[in-house]
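Each chain, letter by letter, is given below.
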Amino acid sequence: MKKAILRNIAIVSAIFIVTFSIMLITNYFQVRGTTPLQAEVVETLKELNDQQAGNPALQEQIRQLDLLARKAYFVRMDHLMTGVYILLGMLAVFIISARFYFAHEKEIPGKEIDPIDEWAIKTQARKYVVWAAVGLAAIALIMVVMTSPYLQKPPSGEENKETEMIVQAVDADEQAMPQEAVTEEAIPDAPTEEEEKEFITEDTTSQDIEAEAVEAPAVEAAPQPVVSKVTHHAFRGNQSNGISSAKGLPARWDLSNGTHIAWRQEVPRRGYNSPVISGNRVFFSGADEEARELYCYDLTTGEKLWTLTAANIPGSPAQMPQTTEDTGLAASTVATNGNQVCAIFATGDIICADMEGRQLWAKNLGVPDNHYGYASSLLIFGQTVIVQYDNRNTPKVMAFDLATGAERWSKSRTEKVTWSSPIIASVGNASQLVLMGNPAITGYNPQTGEQLWRVECLSGEVGSSACSANGIIFGASEYSKLVAINGADGSLLWESVEYLPEVSSPVATKDNLYLATSYGVVVSFDTQTGELRKEHELNTEFYSSPVIAEGKIYLFSNDGKMHIFAANDEFNLIDSFETGERTFATPAFTDGKIVVRTEKSIYCVSAN
Amino acid sequence: MKQKNEHKNSPIARRRFLRLFGSAVAGGSILAVTGGLIGKARGEEASLYWQIDPQKCTQCGRCETHCVLPISAVKCIHANKVCGYCDLCGGYYRSNVKELNTAAENLMCPTGAITRKYVEDPYFEYTINEDLCNGCGKCVKGCSSFGNGSLYLQIKRDLCTDCNECKIATVCASNAITRVPLSVAYKLKD
Amino acid sequence: MKNCRKIGLLSSLLMAVGMAFAQNRFPKPDFESGYQYPDMTYPIPDETLWTALDIFLLIALMSFVAWAVIRKRTRKPIIWVSIISVAYFGFFRSGCVCSIGSIQNVALALVDNSYVLPISVFLFFMLPVVFAFLFGRVFCAGVCPFGALQELVNLKNYRLPKAVTTALGMIPWIYLVFALLYAITRSSFIICRFDPFIGIFRLGGDIGLILFGVLLLITSVFIGRPFCRFLCPYGALLSLFSRVSIWKVEITQKPCINCELCHHACPVDAIRAPYDNKVKETRLEGVKRIMHYCIVLPLIIVAGAFLMQSFSGQLSRVHKEVKLYDMVMQHEADPQDILSVELEAFYGQGGTLEELTEAYNAVQADFRLYAAIAGALIGLVIGLTLISLSLKRTRTLYEIDHAACVACGKCFSYCPQNKI
């Protein structure tokens, strides 16, 4: 009787345990499926929300889903733990009842008819052991042979190492052919091949027409300038120093009523880079998830002359690197010398084109590891383009030949991630390449890349670029300090911590240094002593950098207000007016014209 | 001759000798190993506890998924004395946040384990609810790239089972998890 | 002088603070409302007491088992010890540190002087060995939570063919060799990593291992202690000592009547039946066979060493540095856009290829040496098994194979002589 009860308990608990554990295992995999609260739906919705802020329906949906996901996760976890405890309890019941059931059941075996032949067993066992040993050895041998280096395919190094793609452009007719050929060779089975081809053919045909139409004037443009000789070849002017020799600049303009606005165009793709001007051409770049593009616009008419897409570059990532909203994929300003123009994107893709938009070369420098997004601008010195590449993987500075893209020199740096841009400083009779960085400001020989001096003085995230005047280099960064360095020997002249710029770069004349902080204070310092001369509290934000032209400082605040100061010891605020669109980029200057890139558009202000 | 001798010595005697010899070898080896280790075995100061070095940690997110416990023993810890008490906190809000409120679409923490309290203009005090924290390190990443790095991951001593081989340590990308002595059971920032 | 040191200390302290605050982007706020920083404390449970209790219980339970097995010849206390062990060492202390895993710590401490061996781990390793040398495998009987768990769920004993179990009996040795190889090269503690029961004790963990543990437990309902016999490396080690133990487990003090009952009761097949040598073979032939194996033995050892050494490159892949090195080399040869977290950490911490290559070469050299030794040991295990299987021994009574006996005490109650 008692045994029957025990047996029944054991059977019931066994059935319970089996069904319950199946349930638990399914529950376990469900919990794993909804991995800790990171339901993909919610994540994608959140990203969607980042792109289109202020959509209440979407926000409500996210909130509901998020709550649901959390609840489901914690309830499931709770169920799982309770389930495990119940299972253990039942297991104990089963074991106890089963043990008691079997407790008094001793199996008394009958005498074995055949006595055990130990020798036979041992002989058998020996056989098994030998088999096992031979099997182990065979497996080991096979593995050794399989993994031996001789059997492995030699890596197809040719294709991989060849990250450079050089397309020599001789003339417009020949150009279309090699480019298409290269496209096909490089990515034979890319899904977007068709599209790309179409794009390129379209591009080239338009270029063909372009070339025919423009070729003649473009060739003649150099010897016989129709437009001003004053160029703005890089971020903050020709040497990236924030000084322009432009004259006859417009005093006031307004987008809302079109006062002094020569033209205005919507920017095809977004970017925080600044426009540059060479002759009658305006260059800038734009990028989003779909494409990275370099644009050329006519300075007089505002007509888009050409677009060059950075595509089919070997080594270019399929997935865009993570960048923040306020940096984006095209934060670096392009650079030109009037014959070539280069652009770089946060993907590490650098492209170089001639004035007609024919790609000369393109390569990928390795995706920079940068938590906001790569932002240093390019700078052209002589026949090389200089790239400050301070990222987390391998910080370095490189110079590439403008015609071929071949590396002229490259110096590794010990700096942390930096967002500021290179400048060329004139010290004595020589040019120096000056790079900001954390922790040092460094001067290089721009011809060879040889380090001339190095001053460790900065920390944190360096976004502002340096500037120089009269052989002195000034560098400053938020949460760090402002320093003045003698470019001749790299000695520290003075330092100050009172007002520091975050994004905006300083600008200097022989006597005064001017800088704008991101919290709205614009100040001037004595370049010799570092003494604070004057401060303007403007209650706004400055990301754009000041540029000195015609003895005036032109400075945009983020809200799109233009502030004009006198670039002298008095440093008076001459004028301050709304232009109409939020502006972060630094404007480009040429005689009688200013080209401004705003959040949405690019426009040209003309004095006439 | 020799064979004969062996034959004479009964197998029993031979076995007894072998057994004695075996015992001597076994006892000897015990003593040898003990002797060899006695100098190395340490008591309390021995490095017993697994802990994360916040300087090395790269917040890869494996602490959340690889701990043997159902909910990881790794939790986020907040160093108040390092914190900037910012309103726009990189650990509290997602990057690109538009409105600074506590709506789900704005917050970084997937479990809502970070709460904040208004102190005075413009400062907020941040607190972590350990029961909700799952050690994913998202806030730590946010704080170390946009803030003072006052949020960091540590293994909670009261939760950790101190496995002989820590499963997170074996997968840690930056070798940030090592054994530490009791005296530095936490690598605190404040 | 004293002052000097103080200043030195202060400046080094300042430097340390500077390091820790390197990320300080935002200044410390000046509170005007008299805000006080909250006091944060993080619990550090005092493990000393628990460790002491662990050691005390280990000794007490083993002594208790030894007393029950050697003196009293009764099984009842072993069941209770098993329950206590499963409850305390298993579920309560979640099975860490266990004696099985401690092999690796001890091995590492023996070859690596920089490795600090905690005293408790040392005792967990040594005490069962000492007890095995004195009283047989009393640790396995019920003090080891793994053995105890299998013992508790065991209901029936279906016996596997002896030839098969003998061959399977090599696995623990090979497992032990690999565990030692990976431990002393600082690669991984594979015994801990692939522990089938720890997930059950912790009520969570790797689902695959838990399922494997459950499978072992279901097997052990019908077949005695599959883990102890066919996997446990510590059991293999203990069997060396219990073979020559000073006091030995005996089924009965009275003369054996060859009733065969104990033979059937033994869950681990450790009782040898009487054997009358009936093989038609001259003595010379037997000796010849043994000589033959003795000549082959060195060959097996050399073959094992050679095979394992040529395999060492693959074996070393478990090591973290080697994995990283492979990843870095792959990356350098063919730079990828999206870096894995390992590579990101490597480059982020400013790791240089030279340092890594040096570390890699050191690990490879270690592996070449130790893998050869491991291969030789595996060869030795196979060779010795073969030799022991070619020995003939006549027995007239039922005898315990002390190496295999786990002192579970099941045979005592089956022996009719004990009842009188």
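Located above this text is the structure these notes cover.
Nothing here was measured: the structure is a model prediction, and the numbers come from that model.

J.: If you had to explain the sheet that holds strand β18 (residues 440–444) of chain A to someone new, which residues and values would you point to?
T.: Residue and element names in this part refer to chain A. Reading across from one edge, β16-β17-β18-β19 is the order of the four strands in this open sheet, with antiparallel pairing throughout. Strands with a single pairing partner mark the edges of an open sheet, and in this sheet they are β16 (423–427) and β19 (451–456). Ignoring strand direction, the axes of neighbouring strands in this sheet form an average angle of 25°. Strand direction decides the pairing type here: strand β17 (residues 430–435) and β18, joined by three bridges, are antiparallel. Each residue of the ladder has a partner; that of L433, found in β18, is Y444.

J.: Pulling in residues and values, what's your account of unusual backbone geometry?
T.: A cis amide bond, omega 15°, links N438 of chain A with the succeeding residue P439 of chain A. Residue position: P439 of chain A is located in the loop between β17 and β18. D121 of chain B connects to P122 of chain B through a cis peptide bond whose omega is -5°. If you check the backbone angles, N539 of chain A has positive phi at about 55° while not being a glycine. Turning to its location among the elements, N539 of chain A is positioned in the loop between β27 (532–537) and β28 (547–549). With a phi close to 55°, N258 of chain C is a non-glycine residue in the positive phi region. Following the sequence through the fold, N258 of chain C ends up in the loop between α14 (233–242) and α15 (261–265).

J.: Give a description of the environment of T102 of chain B that names residues and reports values.
T.: Checked against the element boundaries, T102 of chain B lands in the loop between β3 (74–78) and β4 (114–120). Residues T102 of chain B and Y92 of chain B, spaced ten residues apart in sequence, show a C-alpha to C-alpha distance of 9.2 Å.

J.: Report on the sheet that holds strand β29 (residues 552–556) of chain A, specifying residues and quantitative values.
T.: Residues and elements named next belong to chain A. Reading across from one edge, β2-β28-β29-β30-β31 is the order of the five strands in this open sheet, with mixed pairing throughout. Looking along the sheet, the strands with just one partner apiece sit at the ends: β2 (243–244) and β31 (573–578). With five bridges joining them, strand β30 (residues 561–566) and β31 adopt antiparallel strand pairing. Among the inter-strand pairings, I564 is bridged to a residue of β31, identified as D575.

J.: Which residues make up the interface of chain A and chain C, and what values go with them?
T.: How big an interface is tends to be stated in terms of the accessible area lost upon association of its parts. If you look at the interface, chain A gives 40 residues, while chain C gives 38 residues. Every element with two or more residues in the side of chain A that touches chain C is listed here: α3 (56–103) and α4 (118–147) of chain A. Among the elements that line the side of chain A that touches chain C, the one with the most residues is α4 of chain A, at 17 residues. The class makeup of the residues in the side of chain A that touches chain C is 23 nonpolar, eight polar and nine charged.

J.: An account of helix α9 (residues 171–184) of chain C is requested, with residue identities and associated values reported.
T.: Residue and element names in this part refer to chain C. In this model α9 runs 20 Å from its N-terminal to its C-terminal C-alpha over 14 residues, within 8% of the 20 Å that 1.5 Å per residue would give. Extensive coverage of α9 is indicated by the burial of ten of its 14 residues. For α9, every residue scored as buried is listed here: P172, W173, L176, V177, A179, L180, L181, Y182, A183 and I184. Positive backbone phi, approximately 60°, marks R186, located one or two places after α9.

Reading the values: the criteria
Residues numbered from 1 in each chain as written. Chains lettered and ligands numbered in written order. Predicted model: local features only at pLDDT ≥ 70, side-chain atom pairs only at ≥ 80, totals over all residues. Pairing = 2+ DSSP bridges. Helix = DSSP H or I, 4+ residues; strand = E, 2+ residues; numbered from the N terminus. Axes fitted to C-alpha atoms, helices over the stretch in contact; angles between N-to-C directions. Contact = placed C-beta atoms within 7 Å. Nonpolar A, V, L, I, M, F, W, Y, C, P; charged D, E, K, R; others polar. Expected span 1.5 Å × (residues − 1). Buried ≥ 20, exposed ≤ 12 C-beta atoms within 10 Å, placed from the backbone.

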